[in-house]
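Listed below, chain by chain, are the residues.
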Amino acid sequence: MDLFDYMRDNAMKSEAPLASRLRPSSLDEFVGQEHIIGKDRLLYRAIKADKLGSLIFYGPPGTGKTTLAQVIAHTTSARFEQLNATAAGKKDMEQAVQQARDALGMYGRKTILFIDEIHRFNKGQQDYLLPFVEDGTLLLIGATTENPYFEVNGALLSRSRIFELKPLGKKDIMTLLHRAVNDVEKGMGSYRAKADEDALEFLADMSGGDARAALNAIELGILTTERGKDGFIHITLDVAQECIQKRMVRYDKGGDNHYDTISAFIKSMRGSDPDAAVYYLARMLYAGEDIKFIARRIMICAAEDVGNADPQALCVAVNAALAAERIGLPEAKIILSQAVTYVASAPKSNAACVAIAEAETAVESQPAHPVPVHLQDRHYSGAAKLGRGENYKYAHDYPNHYVKQQYLPDGLEGSVFYRPSSNGYEKTIGQWLDFLRNNQGSN
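Here is a short report on the structure shown in this document.

Criteria and thresholds
- Residues numbered from 1 in each chain as written.
- Predicted model: local features only at pLDDT ≥ 70, side-chain atom pairs only at ≥ 80, totals over all residues.
- Heavy atoms only, no water.
- Phe/Tyr/Trp six-rings, centres within 6.5 Å; stacked < 30°, edge-to-face > 60°.
- Helix = DSSP H or I, 4+ residues; strand = E, 2+ residues; numbered from the N terminus.
- Buried < 20%, exposed > 50% of the residue type's maximum accessible area, 1.4 Å probe, protein only.
- Lys NZ or Arg CZ within 6 Å of the ring centre and 35° of its normal.
- Pairing = 2+ DSSP bridges.
- Axes fitted to C-alpha atoms, helices over the stretch in contact; angles between N-to-C directions.
- Contact = heavy atoms within 4.5 Å.
- Expected span 1.5 Å × (residues − 1).
- Arc of directions from axis to C-beta.

**Some remarks on the packing of aromatic side chains**
Move 1: Within the structure shown, the criterion is met by 5 aromatic pairs.
Move 2: Consider the rings of Phe57 and Phe163, whose centres lie 6.4 Å apart with planes at 55°: the pair is tilted. Here the residue Phe57 occupies a position in strand E1 (residues 54-58), and Phe163 occupies one in strand E5 (residues 160-164), the gap between them amounting to 106 residues. In this pair, the class of Phe57 matches that of Phe163, namely buried.
Move 3: Summarising the aromatic geometry, the rings of Phe80 and Phe114 are spaced 6.3 Å apart at their centres and angled 20° between planes, so their arrangement reads as stacked. Note that Phe80 is positioned in strand E2 (residues 79-84) and Phe114 in strand E3 (residues 111-116), a separation of 34 residues in sequence.
Move 4: Note on Phe114: relative accessible area 0%, which makes it buried.
Move 5: The ring centre of Phe232 lies 4.4 Å from the NZ or CZ of Arg192, which sits over that ring.
Move 6: Directly above the aromatic system of Phe232 lies the positively charged group of Lys194, at a separation of 4.2 Å from the ring centroid.

Set out below in C-alpha coordinates:
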(Lines give C-alpha, C1' and ligand atoms only; values in the text may rest on other atoms or scores of the structure.)
Protein backbone atom coordinates (compact mmCIF):
# COMPACT_ATOMS: atom_id res chain seq x y z
CA MET A 1 0.00 0.00 0.00
CA ASP A 2 1.46 3.39 -1.03
CA LEU A 3 0.87 6.74 0.66
CA PHE A 4 -2.06 7.62 -1.57
CA ASP A 5 -3.83 4.30 -0.84
CA TYR A 6 -3.23 4.85 2.87
CA MET A 7 -4.66 8.39 2.75
CA ARG A 8 -7.65 7.24 0.71
CA ASP A 9 -8.45 4.37 3.10
CA ASN A 10 -8.24 6.67 6.11
CA ALA A 11 -10.48 9.24 4.43
CA MET A 12 -13.06 6.57 3.53
CA LYS A 13 -13.10 5.28 7.10
CA SER A 14 -13.62 8.74 8.56
CA GLU A 15 -16.28 9.68 5.99
CA ALA A 16 -18.10 6.33 6.05
CA PRO A 17 -21.73 6.30 7.20
CA LEU A 18 -22.31 5.77 10.90
CA ALA A 19 -23.76 2.30 10.29
CA SER A 20 -20.48 1.24 8.70
CA ARG A 21 -18.20 2.88 11.28
CA LEU A 22 -20.11 1.35 14.17
CA ARG A 23 -19.67 -2.22 13.01
CA PRO A 24 -18.18 -4.40 15.76
CA SER A 25 -14.78 -6.03 15.45
CA SER A 26 -15.48 -8.91 17.86
CA LEU A 27 -18.30 -11.26 18.77
CA ASP A 28 -18.64 -9.64 22.18
CA GLU A 29 -19.59 -6.32 20.52
CA PHE A 30 -22.15 -7.92 18.21
CA VAL A 31 -25.76 -7.03 19.01
CA GLY A 32 -28.71 -9.31 18.36
CA GLN A 33 -29.11 -12.69 16.62
CA GLU A 34 -28.75 -14.60 19.87
CA HIS A 35 -30.49 -17.57 18.27
CA ILE A 36 -27.42 -18.23 16.11
CA ILE A 37 -24.48 -16.59 17.90
CA GLY A 38 -25.42 -16.88 21.53
CA LYS A 39 -22.51 -18.26 23.57
CA ASP A 40 -23.98 -21.76 23.60
CA ARG A 41 -24.74 -21.78 19.87
CA LEU A 42 -22.94 -23.67 17.12
CA LEU A 43 -21.87 -20.64 15.09
CA TYR A 44 -20.43 -18.87 18.13
CA ARG A 45 -18.38 -21.95 19.04
CA ALA A 46 -17.23 -22.47 15.45
CA ILE A 47 -16.06 -18.84 15.12
CA LYS A 48 -14.25 -18.95 18.46
CA ALA A 49 -12.57 -22.26 17.57
CA ASP A 50 -11.74 -21.04 14.04
CA LYS A 51 -13.42 -24.15 12.62
CA LEU A 52 -15.75 -22.69 10.06
CA GLY A 53 -17.18 -24.37 7.01
CA SER A 54 -18.94 -22.58 4.18
CA LEU A 55 -21.87 -20.45 5.37
CA ILE A 56 -24.88 -18.65 3.93
CA PHE A 57 -26.29 -15.75 5.95
CA TYR A 58 -29.89 -15.05 4.98
CA GLY A 59 -32.11 -12.26 6.28
CA PRO A 60 -33.64 -8.84 5.65
CA PRO A 61 -31.52 -5.70 5.23
CA GLY A 62 -29.92 -4.22 8.34
CA THR A 63 -29.84 -7.41 10.39
CA GLY A 64 -26.06 -7.85 10.51
CA LYS A 65 -25.13 -10.24 7.68
CA THR A 66 -22.14 -8.24 6.43
CA THR A 67 -21.25 -7.23 9.99
CA LEU A 68 -21.13 -10.86 11.10
CA ALA A 69 -18.90 -11.73 8.16
CA GLN A 70 -16.52 -8.92 9.11
CA VAL A 71 -16.48 -10.11 12.73
CA ILE A 72 -15.39 -13.49 11.40
CA ALA A 73 -12.69 -11.71 9.39
CA HIS A 74 -11.30 -10.17 12.59
CA THR A 75 -11.52 -13.45 14.50
CA THR A 76 -10.27 -16.12 12.12
CA SER A 77 -6.67 -16.85 11.16
CA ALA A 78 -7.71 -17.38 7.54
CA ARG A 79 -7.26 -14.79 4.82
CA PHE A 80 -10.40 -12.80 4.18
CA GLU A 81 -11.48 -11.62 0.75
CA GLN A 82 -14.69 -9.75 0.03
CA LEU A 83 -16.65 -9.35 -3.22
CA ASN A 84 -19.98 -7.72 -3.87
CA ALA A 85 -22.00 -9.67 -6.42
CA THR A 86 -23.56 -6.50 -7.81
CA ALA A 87 -20.17 -5.30 -9.08
CA ALA A 88 -17.86 -8.32 -9.27
CA GLY A 89 -17.22 -10.09 -12.56
CA LYS A 90 -15.51 -13.32 -13.55
CA LYS A 91 -12.10 -11.64 -13.57
CA ASP A 92 -12.54 -10.64 -9.91
CA MET A 93 -13.54 -14.18 -9.03
CA GLU A 94 -10.58 -15.68 -10.90
CA GLN A 95 -8.22 -13.31 -9.08
CA ALA A 96 -9.70 -14.24 -5.70
CA VAL A 97 -9.34 -17.95 -6.48
CA GLN A 98 -5.74 -17.56 -7.64
CA GLN A 99 -4.77 -15.62 -4.52
CA ALA A 100 -6.45 -18.28 -2.40
CA ARG A 101 -4.46 -21.00 -4.18
CA ASP A 102 -1.22 -19.10 -3.64
CA ALA A 103 -1.92 -18.55 0.05
CA LEU A 104 -2.78 -22.21 0.56
CA GLY A 105 0.18 -23.49 -1.43
CA MET A 106 2.85 -21.12 -0.11
CA TYR A 107 1.76 -20.59 3.48
CA GLY A 108 -0.83 -23.30 4.19
CA ARG A 109 -3.31 -20.56 4.95
CA LYS A 110 -7.00 -20.92 4.08
CA THR A 111 -9.03 -18.15 2.46
CA ILE A 112 -12.54 -17.07 3.37
CA LEU A 113 -14.32 -15.49 0.42
CA PHE A 114 -17.24 -13.35 1.51
CA ILE A 115 -19.74 -12.60 -1.28
CA ASP A 116 -22.30 -9.97 -0.39
CA GLU A 117 -25.61 -10.18 -2.28
CA ILE A 118 -24.69 -13.65 -3.55
CA HIS A 119 -28.15 -14.06 -5.04
CA ARG A 120 -27.10 -11.51 -7.67
CA PHE A 121 -24.62 -14.00 -9.15
CA ASN A 122 -26.11 -15.95 -12.03
CA LYS A 123 -26.00 -19.74 -12.21
CA GLY A 124 -22.77 -19.75 -14.21
CA GLN A 125 -20.98 -17.54 -11.70
CA GLN A 126 -22.16 -19.68 -8.81
CA ASP A 127 -21.12 -22.84 -10.65
CA TYR A 128 -17.62 -21.40 -11.12
CA LEU A 129 -17.10 -21.30 -7.34
CA LEU A 130 -18.26 -24.86 -6.75
CA PRO A 131 -15.05 -26.83 -7.40
CA PHE A 132 -12.98 -24.46 -5.26
CA VAL A 133 -15.42 -24.77 -2.38
CA GLU A 134 -15.45 -28.53 -2.94
CA ASP A 135 -11.66 -28.97 -2.79
CA GLY A 136 -11.17 -26.56 0.14
CA THR A 137 -9.42 -23.80 -1.80
CA LEU A 138 -12.12 -21.45 -0.52
CA LEU A 139 -14.39 -21.24 2.47
CA LEU A 140 -17.45 -19.43 1.15
CA ILE A 141 -19.56 -17.02 3.17
CA GLY A 142 -22.51 -15.70 1.22
CA ALA A 143 -24.96 -13.02 2.34
CA THR A 144 -28.40 -12.68 0.78
CA THR A 145 -31.70 -10.97 1.43
CA GLU A 146 -33.44 -13.53 -0.79
CA ASN A 147 -34.42 -17.08 0.13
CA PRO A 148 -31.26 -19.09 -0.66
CA TYR A 149 -33.34 -22.16 -1.48
CA PHE A 150 -34.66 -20.20 -4.47
CA GLU A 151 -31.64 -18.08 -5.41
CA VAL A 152 -28.50 -20.14 -4.64
CA ASN A 153 -27.46 -23.26 -6.51
CA GLY A 154 -28.40 -26.49 -4.80
CA ALA A 155 -24.83 -27.75 -5.08
CA LEU A 156 -23.51 -24.76 -3.13
CA LEU A 157 -26.30 -25.05 -0.58
CA SER A 158 -25.48 -28.70 0.06
CA ARG A 159 -21.92 -27.70 0.95
CA SER A 160 -22.93 -24.79 3.18
CA ARG A 161 -24.71 -24.29 6.46
CA ILE A 162 -27.54 -21.77 6.27
CA PHE A 163 -28.15 -19.32 9.11
CA GLU A 164 -31.25 -17.13 9.02
CA LEU A 165 -30.88 -13.70 10.64
CA LYS A 166 -34.04 -12.16 12.07
CA PRO A 167 -35.07 -8.49 12.23
CA LEU A 168 -33.50 -6.95 15.32
CA GLY A 169 -35.67 -6.45 18.37
CA LYS A 170 -36.42 -3.01 19.76
CA LYS A 171 -34.06 -3.61 22.69
CA ASP A 172 -31.19 -4.42 20.29
CA ILE A 173 -31.85 -1.30 18.20
CA MET A 174 -31.89 0.81 21.38
CA THR A 175 -28.49 -0.62 22.37
CA LEU A 176 -27.04 0.37 18.99
CA LEU A 177 -28.56 3.85 19.14
CA HIS A 178 -27.09 4.50 22.59
CA ARG A 179 -23.74 3.29 21.31
CA ALA A 180 -24.03 5.55 18.25
CA VAL A 181 -24.74 8.67 20.34
CA ASN A 182 -22.11 8.05 23.03
CA ASP A 183 -19.21 6.16 21.39
CA VAL A 184 -16.45 8.69 20.72
CA GLU A 185 -14.19 6.39 18.70
CA LYS A 186 -16.69 4.74 16.32
CA GLY A 187 -19.89 6.63 16.91
CA MET A 188 -20.80 10.29 17.19
CA GLY A 189 -19.81 10.87 20.80
CA SER A 190 -17.49 13.70 19.80
CA TYR A 191 -20.49 15.71 18.54
CA ARG A 192 -21.71 16.16 22.14
CA ALA A 193 -25.25 15.05 21.39
CA LYS A 194 -27.96 14.14 23.88
CA ALA A 195 -30.87 11.98 22.77
CA ASP A 196 -34.13 11.80 24.68
CA GLU A 197 -35.18 8.27 25.52
CA ASP A 198 -38.57 8.66 23.84
CA ALA A 199 -36.80 9.82 20.66
CA LEU A 200 -34.60 6.71 20.62
CA GLU A 201 -37.61 4.50 21.33
CA PHE A 202 -39.42 6.10 18.40
CA LEU A 203 -36.49 5.44 16.05
CA ALA A 204 -36.16 1.87 17.29
CA ASP A 205 -39.85 1.25 16.79
CA MET A 206 -40.09 2.88 13.36
CA SER A 207 -36.97 1.16 11.95
CA GLY A 208 -38.80 -2.14 11.66
CA GLY A 209 -35.87 -4.19 12.92
CA ASP A 210 -33.43 -2.61 10.44
CA ALA A 211 -30.37 -1.38 12.35
CA ARG A 212 -29.04 0.53 9.36
CA ALA A 213 -32.27 2.55 9.04
CA ALA A 214 -32.17 3.49 12.72
CA LEU A 215 -28.49 4.47 12.64
CA ASN A 216 -28.94 6.49 9.44
CA ALA A 217 -31.77 8.38 11.13
CA ILE A 218 -29.84 9.22 14.29
CA GLU A 219 -26.84 10.27 12.20
CA LEU A 220 -29.03 12.57 10.12
CA GLY A 221 -30.53 14.06 13.27
CA ILE A 222 -27.14 14.79 14.84
CA LEU A 223 -25.63 16.24 11.66
CA THR A 224 -28.57 18.54 10.88
CA THR A 225 -29.67 19.76 14.32
CA GLU A 226 -28.27 23.02 15.66
CA ARG A 227 -26.66 23.10 19.08
CA GLY A 228 -28.64 24.38 22.01
CA LYS A 229 -27.57 27.19 24.30
CA ASP A 230 -25.87 24.64 26.53
CA GLY A 231 -23.58 23.61 23.65
CA PHE A 232 -25.22 20.20 23.14
CA ILE A 233 -27.16 18.84 20.18
CA HIS A 234 -30.53 17.71 21.50
CA ILE A 235 -32.29 14.85 19.68
CA THR A 236 -35.89 15.23 20.76
CA LEU A 237 -38.93 13.27 19.67
CA ASP A 238 -39.76 16.00 17.15
CA VAL A 239 -36.30 15.71 15.61
CA ALA A 240 -36.57 11.91 15.48
CA GLN A 241 -39.95 12.12 13.77
CA GLU A 242 -38.48 14.32 11.06
CA CYS A 243 -35.66 11.82 10.48
CA ILE A 244 -38.03 8.87 9.93
CA GLN A 245 -41.36 10.15 8.65
CA LYS A 246 -42.63 6.74 7.55
CA ARG A 247 -42.33 3.39 9.30
CA MET A 248 -39.90 1.00 7.64
CA VAL A 249 -41.76 -1.97 6.19
CA ARG A 250 -39.85 -5.06 5.13
CA TYR A 251 -41.52 -5.67 1.79
CA ASP A 252 -39.55 -6.46 -1.34
CA LYS A 253 -41.89 -7.09 -4.25
CA GLY A 254 -39.58 -9.81 -5.54
CA GLY A 255 -38.60 -11.27 -2.20
CA ASP A 256 -39.72 -13.48 0.63
CA ASN A 257 -41.59 -10.82 2.57
CA HIS A 258 -43.77 -10.09 -0.43
CA TYR A 259 -44.76 -13.74 -0.75
CA ASP A 260 -45.16 -14.21 3.00
CA THR A 261 -47.47 -11.20 3.21
CA ILE A 262 -49.63 -12.16 0.24
CA SER A 263 -49.79 -15.71 1.61
CA ALA A 264 -51.03 -14.42 4.97
CA PHE A 265 -53.49 -12.15 3.15
CA ILE A 266 -55.03 -15.01 1.17
CA LYS A 267 -55.08 -17.41 4.13
CA SER A 268 -56.80 -14.78 6.27
CA MET A 269 -59.55 -14.36 3.68
CA ARG A 270 -59.84 -18.13 3.33
CA GLY A 271 -59.92 -18.48 7.11
CA SER A 272 -62.83 -16.00 7.42
CA ASP A 273 -60.84 -13.43 9.40
CA PRO A 274 -61.71 -10.03 7.87
CA ASP A 275 -59.66 -8.17 10.49
CA ALA A 276 -56.43 -9.96 9.60
CA ALA A 277 -57.20 -9.78 5.88
CA VAL A 278 -57.72 -6.02 5.90
CA TYR A 279 -54.58 -5.59 8.02
CA TYR A 280 -52.46 -7.36 5.40
CA LEU A 281 -54.22 -5.33 2.71
CA ALA A 282 -53.17 -2.14 4.53
CA ARG A 283 -49.64 -3.45 4.90
CA MET A 284 -49.33 -4.14 1.18
CA LEU A 285 -50.80 -0.76 0.25
CA TYR A 286 -48.45 0.98 2.69
CA ALA A 287 -45.48 -0.73 1.07
CA GLY A 288 -46.59 0.34 -2.42
CA GLU A 289 -47.92 -2.95 -3.77
CA ASP A 290 -49.65 -2.76 -7.16
CA ILE A 291 -53.43 -2.58 -6.62
CA LYS A 292 -53.99 -4.73 -9.74
CA PHE A 293 -51.93 -7.51 -8.16
CA ILE A 294 -53.97 -7.29 -4.95
CA ALA A 295 -57.24 -7.30 -6.88
CA ARG A 296 -56.23 -10.43 -8.79
CA ARG A 297 -55.59 -12.29 -5.54
CA ILE A 298 -59.02 -11.27 -4.21
CA MET A 299 -60.72 -12.56 -7.37
CA ILE A 300 -58.87 -15.86 -7.16
CA CYS A 301 -59.83 -16.27 -3.52
CA ALA A 302 -63.48 -15.47 -4.30
CA ALA A 303 -63.60 -18.32 -6.83
CA GLU A 304 -61.27 -20.82 -5.15
CA ASP A 305 -62.29 -20.47 -1.51
CA VAL A 306 -65.82 -19.02 -1.56
CA GLY A 307 -67.15 -20.41 -4.81
CA ASN A 308 -70.85 -21.19 -4.94
CA ALA A 309 -71.26 -20.85 -1.19
CA ASP A 310 -71.73 -17.18 -2.12
CA PRO A 311 -71.66 -16.66 -5.91
CA GLN A 312 -71.92 -12.91 -5.30
CA ALA A 313 -68.36 -12.88 -3.90
CA LEU A 314 -66.80 -13.20 -7.35
CA CYS A 315 -69.06 -10.42 -8.65
CA VAL A 316 -67.91 -8.16 -5.81
CA ALA A 317 -64.25 -9.05 -6.39
CA VAL A 318 -64.38 -8.49 -10.17
CA ASN A 319 -66.25 -5.20 -9.86
CA ALA A 320 -63.82 -4.06 -7.16
CA ALA A 321 -60.89 -4.84 -9.46
CA LEU A 322 -62.42 -2.81 -12.29
CA ALA A 323 -63.37 0.09 -10.02
CA ALA A 324 -60.01 0.19 -8.24
CA GLU A 325 -58.12 0.29 -11.53
CA ARG A 326 -60.32 3.05 -12.93
CA ILE A 327 -60.32 5.21 -9.81
CA GLY A 328 -56.79 4.62 -8.52
CA LEU A 329 -55.33 5.42 -5.14
CA PRO A 330 -56.04 6.68 -2.57
CA GLU A 331 -59.77 5.96 -2.98
CA ALA A 332 -59.10 2.49 -4.42
CA LYS A 333 -58.08 1.28 -0.97
CA ILE A 334 -61.72 1.67 0.17
CA ILE A 335 -62.95 -0.40 -2.77
CA LEU A 336 -60.38 -3.11 -2.12
CA SER A 337 -61.26 -3.08 1.56
CA GLN A 338 -64.92 -3.66 0.72
CA ALA A 339 -64.03 -6.63 -1.48
CA VAL A 340 -61.58 -8.09 1.04
CA THR A 341 -63.96 -7.90 3.97
CA TYR A 342 -66.82 -9.33 1.86
CA VAL A 343 -64.77 -12.29 0.62
CA ALA A 344 -63.32 -12.93 4.08
CA SER A 345 -66.77 -12.84 5.71
CA ALA A 346 -68.53 -14.95 3.08
CA PRO A 347 -69.34 -18.64 3.66
CA LYS A 348 -66.61 -20.83 2.24
CA SER A 349 -66.50 -23.74 -0.17
CA ASN A 350 -63.73 -25.09 -2.37
CA ALA A 351 -66.07 -27.58 -4.10
CA ALA A 352 -65.66 -25.88 -7.48
CA CYS A 353 -61.88 -25.95 -7.09
CA VAL A 354 -61.93 -29.64 -6.18
CA ALA A 355 -64.33 -30.39 -9.06
CA ILE A 356 -62.06 -29.00 -11.76
CA ALA A 357 -58.99 -30.65 -10.22
CA GLU A 358 -60.66 -34.07 -10.19
CA ALA A 359 -62.04 -33.58 -13.69
CA GLU A 360 -58.57 -32.68 -14.96
CA THR A 361 -57.19 -35.82 -13.35
CA ALA A 362 -59.83 -37.87 -15.15
CA VAL A 363 -58.94 -36.21 -18.47
CA GLU A 364 -55.21 -36.77 -17.98
CA SER A 365 -55.41 -40.34 -16.70
CA GLN A 366 -57.99 -41.86 -19.06
CA PRO A 367 -58.43 -42.14 -22.82
CA ALA A 368 -60.35 -39.39 -24.56
CA HIS A 369 -63.76 -41.08 -24.47
CA PRO A 370 -66.04 -40.03 -27.34
CA VAL A 371 -68.83 -37.58 -26.60
CA PRO A 372 -72.12 -39.53 -26.37
CA VAL A 373 -73.84 -39.57 -29.78
CA HIS A 374 -77.03 -37.90 -28.53
CA LEU A 375 -74.98 -34.89 -27.27
CA GLN A 376 -73.06 -34.39 -30.50
CA ASP A 377 -73.73 -31.43 -32.79
CA ARG A 378 -76.62 -32.07 -35.19
CA HIS A 379 -76.60 -28.73 -37.02
CA TYR A 380 -73.89 -29.03 -39.63
CA SER A 381 -74.57 -30.50 -43.05
CA GLY A 382 -74.68 -34.27 -43.01
CA ALA A 383 -74.74 -34.57 -39.23
CA ALA A 384 -78.27 -35.99 -39.16
CA LYS A 385 -77.35 -38.68 -41.69
CA LEU A 386 -74.52 -39.73 -39.36
CA GLY A 387 -76.92 -39.96 -36.43
CA ARG A 388 -75.38 -37.02 -34.58
CA GLY A 389 -77.62 -35.69 -31.81
CA GLU A 390 -80.23 -38.38 -32.32
CA ASN A 391 -82.45 -39.14 -29.28
CA TYR A 392 -81.28 -36.05 -27.40
CA LYS A 393 -83.81 -34.97 -24.76
CA TYR A 394 -84.31 -31.20 -24.52
CA ALA A 395 -84.37 -30.42 -20.77
CA HIS A 396 -86.84 -27.55 -21.04
CA ASP A 397 -89.50 -29.90 -22.37
CA TYR A 398 -89.67 -31.73 -19.04
CA PRO A 399 -90.93 -30.91 -15.52
CA ASN A 400 -88.51 -28.77 -13.51
CA HIS A 401 -86.57 -28.33 -16.77
CA TYR A 402 -84.71 -31.54 -16.02
CA VAL A 403 -84.51 -34.96 -17.59
CA LYS A 404 -82.26 -37.87 -16.78
CA GLN A 405 -79.94 -38.86 -19.58
CA GLN A 406 -76.26 -39.69 -19.95
CA TYR A 407 -74.06 -36.63 -20.23
CA LEU A 408 -70.63 -38.05 -19.34
CA PRO A 409 -68.85 -40.21 -21.92
CA ASP A 410 -69.01 -44.00 -21.79
CA GLY A 411 -66.65 -45.27 -19.10
CA LEU A 412 -67.23 -42.26 -16.88
CA GLU A 413 -70.93 -42.72 -16.21
CA GLY A 414 -71.78 -42.00 -12.60
CA SER A 415 -68.58 -40.07 -11.91
CA VAL A 416 -69.08 -37.22 -9.44
CA PHE A 417 -66.74 -34.25 -9.56
CA TYR A 418 -68.81 -31.47 -8.02
CA ARG A 419 -69.87 -32.11 -4.44
CA PRO A 420 -71.63 -29.03 -3.05
CA SER A 421 -70.81 -28.18 0.52
CA SER A 422 -73.42 -27.44 3.17
CA ASN A 423 -72.25 -23.82 3.48
CA GLY A 424 -74.16 -20.77 2.34
CA TYR A 425 -75.98 -20.86 -0.98
CA GLU A 426 -74.18 -24.04 -1.95
CA LYS A 427 -76.37 -25.91 0.54
CA THR A 428 -79.35 -24.87 -1.60
CA ILE A 429 -77.54 -26.01 -4.74
CA GLY A 430 -76.83 -29.39 -3.17
CA GLN A 431 -80.42 -29.84 -2.08
CA TRP A 432 -81.67 -28.96 -5.57
CA LEU A 433 -79.32 -31.43 -7.24
CA ASP A 434 -80.34 -34.14 -4.78
CA PHE A 435 -83.99 -33.43 -5.55
CA LEU A 436 -83.41 -33.69 -9.28
CA ARG A 437 -81.34 -36.83 -9.11
CA ASN A 438 -83.51 -38.67 -6.62
CA ASN A 439 -87.04 -37.59 -7.45
CA GLN A 440 -87.18 -37.18 -11.19
CA GLY A 441 -88.00 -40.13 -13.36
CA SER A 442 -86.29 -40.99 -16.59
CA ASN A 443 -89.22 -39.47 -18.47
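**Considering the sheet that holds E2**
Move 1: Pairing is parallel across the open sheet formed by 5 strands, whose spatial order is E2-E3-E4-E1-E5. Edge positions in the open sheet fall to E2 and E5, since each of these has one partner strand only. Between one strand axis and the next, the sheet turns by 15° as a mean value, whatever way the strands run.
Move 2: Two strands pair when backbone bridges link them, and E1 and E5 are joined in this way by 5 bridges, in the parallel orientation. In the sheet register, Phe57 faces E5, and the bridge partner there is Phe163.
Move 3: Along the sheet face, helix H5 (residues 65-75) touches E1, E2, E3 and strand E4 (138-144) and points at about 150° away from the line of E1.
Move 4: Along the sheet, helix H7 (residues 123-134) contacts E1, E3 and E4; its crossing angle with E4, the most-contacted strand, is approximately 135°.

**Regarding helix H20 (residues 424-439)**
Move 1: With 16 residues, H20 should reach 22 Å at 1.5 Å per residue; the first-to-last C-alpha distance of 23 Å fits that figure.
Move 2: Among the residues making up H20, those that are buried are Glu426, Ile429, Gly430, Leu433 and Leu436. In a view along the axis of H20, the buried residues occupy a sector of 130°, so they form one face of it. Relative to its buried face, H20 has exposed residues pointing more than 90 degrees away, namely Asn438 and Asn439.
Move 3: In the core, the buried residues of H20 are packed alongside helix H19 (351-365).

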